[in-house]
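Commentary on secondary and tertiary structure
Here are the chains, one letter per residue:
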Amino acid sequence: MKRLFSLAAVLAILVPFQAVAGSSLPVTRSIGAPVGFGAACAKYKWLCGRMAAQQRNDAAGIALLQKINRAVNGRIIPAEDRPSSHGDVWSLPVAGRGDCEDYALQKMKDLIEAGFPSNRLALSVVIGPHDQNHVVLIARTDGGDFVLDNLTSAVRPWRMTGYTFLATQDFQSRTGWRVTLAGPRAGEFS
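Note that the coordinates shown come from a computational prediction; the quantities given were computed from them, not determined experimentally.

The pLDDT averaged across the protein works out to 84; a share of 81% of its residues lies at or above 70. At the level of individual helices and strands, the protein shows its lowest average pLDDT in helix α1 (residues 6–14), which scores 38, and its highest in strand β4 (residues 121–127), which scores 97. Low pLDDT, under 50, characterises residues 1–22; the stretch is placed with 48 contacts to residues that sit more than four places away or in other chains.

A separate point is the pairing of strand β8 (residues 164–169). Counting buried residues in β8 gives six out of six residues, a clear majority hidden from the surface. The sheet contact formed by β4 and β8 spans four bridges and is antiparallel. Its bridge partner being in β8, Val126 is matched across the sheet by Phe165. Where β8 lies against strand β9 (residues 177–182), four bridges are found, and the strand directions are antiparallel. Of the residues in β9, the one forming a bridge with Phe165 is Ala182.

Within the largest apolar cluster, 39 residues are counted, with the highest numbers of intra-cluster contacts made by Leu47, Leu65, Leu111 and Leu123. Top contributing element to this core by residue count: helix α5 (residues 100–113), with seven residues. The contacts of Leu47, once residues within four sequence positions are left out, are Phe37, Ala40, Cys41, Leu105, Met108, Leu123, Gln169 and Arg174. One finds Val126, Ile138, Tyr163 and Phe171 within the second-largest nonpolar core, a separate group that totals eleven residues.

Cut-offs applied
- Residues numbered from 1 in each chain as written.
- Predicted model: local features only at pLDDT ≥ 70, side-chain atom pairs only at ≥ 80, totals over all residues.
- Heavy atoms only, no water.
- pLDDT = per-residue confidence, 0-100.
- Helix = DSSP H or I, 4+ residues; strand = E, 2+ residues; numbered from the N terminus.
- Contact = heavy atoms within 4.5 Å.
- Buried < 20%, exposed > 50% of the residue type's maximum accessible area, 1.4 Å probe, protein only.
- Pairing = 2+ DSSP bridges.
- Core = buried A, V, L, I, M, F, W, Y, C linked by side-chain atoms within 4.5 Å.

Here is the structure:
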């Protein structure tokens, strides 16, 4: 994926960050959504709306997260977006192919359809492998925030991913995004 969120990297240098104890991703102020998110929000009502859901205990929730993460990773073939005059395209995978945000969108859709609360799911832009921007899905449980990633079948607590989290979809105001600035490299910015 191309430098999806280079502006966030610049903001990371300018915005002071204090490490926050606990297992939920720390967020600060609002930030503009990544290119492509607005069009996806308009296209997929479940992405930015609230959906009725079943309450689950954490054990059942984690088992569902693992099942969906493995299933989606197993059925989609990695592929970069085709060049578009509209910039980066955020969509569900097409013909079984997709890039990181396509995987994350599919996982969110599948989890919501399986009854996971939509207000406990959020997309997040991170600095991933090879210092490139990467999109993952965050699932909030009573035990903390867990990451579903197309680069691994493991569902991990956010602190155990090795990623630096730049910005995350607001769990409550689903169309909004918040500056995150958390992870191993975030200390470089404080």
